[in-house]
Amino acid sequence: MFYRIDKGLDVKKKSIRTNSLPWVRAMLVIAATSSILGCASFATNNAKNSSKGSTTNSAIAITPAAALAHRVLIEDETPLSADKAVQIALINNQNLAAVYAELGFAKAEVFAGARIRNPLLSFSQLDSNAGIDQIVWGISTSLTDLITLRSRKKLAATQALAIEQKVQAYAMATQAQTYQHYYQYLASKQRLQVFEEISAISDLILETTQRYSDAGNVTALELAEAKIQASEAKLALLNAGAAVLVARTKMSEVLGVRASQNWQIAKQLPIPNKASLYPTDGELGKIPARDTLLRQALEQRLDLQAAQTKIAALKLQLKSHSLENKVGDIELGAEREREADGERLTGPNVEWEVPLFSQGQEDQLKINAELEIAQAQLRQLALELDNAVAMALAGRENSANKIIQYQNHLLPAQANAVARTQEEQFFMLIGVFEVLQSKKQQYQSLLGYVDAVEEYWLANTALAKAVGVSPNIFIDESNNGSRGLEDYLQPDPGTGSPKKSHKHQHHDMHKPQTGPATPTHANHNQAPDNHASHKNHTQSASAKP
Amino acid sequence: MTSRRNFLGFSGMSAVLSTVAATSAQAKSTVTPDTNMSNKSNKELGYNPVRTPNGWTLPYTEKDGVKEFHLIAEEIEHEFAPGSTAKCWGYNGTTPGPTIEAVEGDRVRILVTNSLKEHTTVHWHGLILPSGMDGVGGLSQPQIAPGETFAYEFELKQNGTHMYHPHADEMTQMALGMMGMFIIHPKEPEPIDRDYCLLTHNWAMHPGTSRPDPSVMVDFDLWSFNSKVFPAIESIVARTGERVRIRIGNLSMWNHPIHLHGTSFNVTGSDGGRWPKSAWRSESTEIVGVGQTRDIEFVATPGDWAFHCHMSHHTMNAMGHDIPNPTGVNMRGVEEKIRDHLPGFMAMGENGMAEHQQHIDAGHHPGPANTLPMMTGSGPYGPIEMGGMFTTVKVRDDIAPNDFSDPGWYNPPANTIAKRISRNPNYGNPPRKPS
Ligand SMILES: [Cu+2]
């Protein structure tokens, strides 16, 4: 896996060094980021061999990527995957576009700095008392520029790299942001779905209470309480709907499209598969050990690289500056003078600023300070990186354990509780309201499940951001078999279906006697859970700090 | 029957005892009831032995003119009716414990071994005996610690229907099923053809659980005769014209108005023995109060006759006493929508609860594990819709003297059975009270 990233990095560096039109470069950034950063769908959809990391492939892949993105936006109502969303964001995101534009400015300045200043043409006319003008024509060019040209070229290139790395880092951040908003939007939609069910069941509680009230069997108080419940559920539903709108708007900003545009994302939050939830040999799915992650981060993080490059640039600048100051500023020129009397004088002209009193120490001090700042910033970045990786890993593990808890324990127990409640209602041990409340509680638990899955993906995204790779690199898409929210929202097919009644031979009363329908014990353990095979894993997972 | 009786015969008695002891804690209460614990004839015994439906009689050995019985208190697995079993406490493998049967004037020695994990005692309820033999833990004797065996010995100075039960941690031990009948026959044989004894009890067997809950005071789930509930309670069988006595003891926490159909019985005795004829009362329902015993006698008339407690909730198995009242609630339209969330949901009881047994019997609606439906049982004409303290007295013309087997459903003579004469809801002109 990381072999591929390394290869990818080469692709990226090559692309960056290709001096071409800005938009082509932007495309390259996109192509490179999506392929190197392990954009699985991109790689598989467009060029299976792009995963081999050849430079040419990334260049070829540009057009389909862009075309695909636009097609999705404009014509296609196919739900966006997170990867497609990233592709669109990298093209459309307006903040990113602005940063690309800044890159142009910055580069212009850098390139300007790397050239020998243009020769200076001078022309002067001096008025004399005698009424005769003295006209001086001059052309001068900086000899210092010529002397320091090599080192300044190196500096310019380094500075350019720093800026490009900064832009790359911004693109990476945009990618992470896209993922983040993608999951948040998806989670908000799933929560809305659950709130719809909660509201529906609350309405049924009210309707049922109303029927009981019509029959004269419940009090006005009970009816009022049912109305409160139904109304509160409606309000919660409205809030959930508003949350979806906010989440969609936020995502649309990252995508650089209008929220009102007809674009869709998936219906279901992906559920992490078992390999990603249960650690094997200290690794969770595609997540390597922490040390590996940190090492990878040091290699991958573009802002980190940008900071390092900046330091290198400053060091070069310092070196170049001291050279300049040792030389002092030398102006080399030719001057042609026409005296007032008409005599013409032509000759070489050298001006040299003798670095006697000032050797540009104040500039050097400034650069030194800048260097120190840059170094401190790098150390801070490294510290933040370490913390971010640790936190994201912990968050991921914690949410994984929550998902396990939901999948293996709470949700099956909840389904079991609903089924058992129904059995009690069948036997008239309890009434209809308890059954409805039990179902409502089951729906309410699903909200927590959505939260846990959302937390998981956000931690996954945070981890990818910390390490400096695309979040999809940590996503194991292998068939997971774990149940999504949709499955839990479906009524349990086992509930209430006719079971074989185990007729006992009645030995006390006589033949025509129908013994009580007595379901066997085995029939009762029909909770839809899969925890049996994972009990041990759960324990080891939660035992980990 | 015969072979069973032989096995339980005098010579085999020690074998029975050792078997009972060996099965100890997990003993099943499926001991075939037997009225006669020896192969002696009634004449030789000097009395007509009592029959404990679903239960049995404790054999004894005679040692130096003393009848020696041996009770062992222990945890048992008990079945209230097929579909509901529980960890109970009882004696010698059963609840109720075996009936102890002796004759007025006998000297009895009753060994009590405690196989429970807490101490116990046995109180001989209603017996006239020395204070130190009365079995009240701490008051009349030290408790019998786990593993210990105590001997009670006294002379039977009375006759009649009596009971025995622990008088140590009484609440728990009785709630879990420790109790039994103690029948003392008079020296002079009584003119009774069939002598039955039933011990009433209540059980907090919460639906879905498998151990009675001793903390419950009022709201019980199961109501039993001899620790069985309908439809698992054996019928009282008799031959037409026989004189039948049913002795009823109450060690539950409710009074039970016991009602017998088809006859006007006489209440002829209680703890104090058989009353003089002048004290007999003619009744159709007799309340047997908590801690009391009552004997009723009647001459058997042919038919299948209901015999039950008249508290209608005592003839029900597990049911909710707190459920929202579904009577008259029209759930059409709502029911279907609920089913979208809860497949199989069914709103029941709009027009009464009768439909309940049909649904349950159809098997579409399984209840909680180890739980009996509130109404159950089927007769020749349909569901009987009963539970708990309900059984039948089955009287036929052709039952052999020692035959207690179930004769099946009664086949009434022509024109002696209620029949339909119309399906028209507006049939006839039933007078209503003028308003
Ligand atoms: Cu009763």
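Thresholds applied
Residues numbered from 1 in each chain as written. Chains lettered and ligands numbered in written order. Predicted model: local features only at pLDDT ≥ 70, side-chain atom pairs only at ≥ 80, totals over all residues. Heavy atoms only, no water. Helix = DSSP H or I, 4+ residues; strand = E, 2+ residues; numbered from the N terminus. Buried < 20%, exposed > 50% of the residue type's maximum accessible area, 1.4 Å probe, protein only. Contact = heavy atoms within 4.5 Å. Areas by Shrake-Rupley, 256 points an atom, 1.4 Å probe, with all protein chains shown as cover. Pairing = 2+ DSSP bridges. Axes fitted to C-alpha atoms, helices over the stretch in contact; angles between N-to-C directions. Phe/Tyr/Trp six-rings, centres within 6.5 Å; stacked < 30°, edge-to-face > 60°. pLDDT = per-residue confidence, 0-100.

**Examining the overall build of chain A**
Along the backbone of chain A there are 18 helices and four strands. Taken over 545 residues, chain A has a buried fraction of 48%. A fraction of 79% describes how many contacts in chain A between residues 6 or more apart in sequence connect residues 24 or more apart. In the form shown here, chain A has an accessible surface area of approximately 26700 Å², with 56% of it arising from carbon and sulfur atoms.

**Remarks on the sheet that holds strand E4 (residues 100-103) of chain B**
All names here are of chain B. The four strands are arranged E4-E9-E8-E6 in an open sheet whose pairing can be described as mixed. Looking at strand neighbours, the two that pair on one side only are E4 and strand E6 (123-125), the edges of this open sheet. Adjacent strand axes in the sheet meet at a mean angle of 25 degrees when their direction is disregarded. Sheet topology places strand E8 (residues 160-165) next to strand E9 (residues 180-185); five bridges connect them, and they run antiparallel. Within E9, the position partnered with Thr-161 by the bridge is Ile-183.

**Quick word on unusual backbone geometry**
Residues and elements named next belong to chain B. At the junction of Thr-95 and Pro-96, the peptide bond is cis and its omega measures out at -10 degrees in the coordinates. Position of Pro-96 relative to the elements: it lies in the loop between strand E3 (84-91) and E4. A cis amide bond links Phe-230 to the next residue, Pro-231, at an omega of 10 degrees. Assignment of secondary structure puts Pro-231 in the loop between strand E11 (222-225) and strand E12 (236-239). Residue Asp-64 is not a glycine yet carries a positive backbone phi of 50 degrees.

**Here's the deal with the packing of aromatic side chains**
Applying the stated criterion across every chain, the model contains 19 aromatic pairs over all chains. Plain terms: the ring middles of Tyr185(A) and Trp263(A) are 5.8 Å apart, the flat faces sit at 65 degrees to each other, and that makes the pair edge-to-face. Note that Tyr185(A) is positioned in helix H9 (residues 149-214) and Trp263(A) in the loop between helix H10 (220-255) and helix H11 (274-277), a separation of 78 residues in sequence. Accessibility assignment for this pair places Tyr185(A) and Trp263(A) in one class, buried. The interplanar angle of 80 degrees and the centroid separation of 5.3 Å between the aromatic rings of Trp124(B) and Tyr152(B) together place this pair among those described as edge-to-face. With Trp124(B) in strand E6 and Tyr152(B) in strand E7 (residues 149-155), this residue pair connects regions lying 28 residues apart in the sequence.

**Quick notes on the confidence of the model for chain B**
Residue and element names in this part refer to chain B. In the predicted model, chain B carries a mean pLDDT of 90, and the fraction of residues at 70 or more is 90%. Contacts of residues 1-36 to residues separated by more than four positions or lying in other chains number 64 contacts, the stretch itself having pLDDT below 50. Interface confidence for the predicted complex, given as ipTM, is 0.85, next to a pTM of 0.75.

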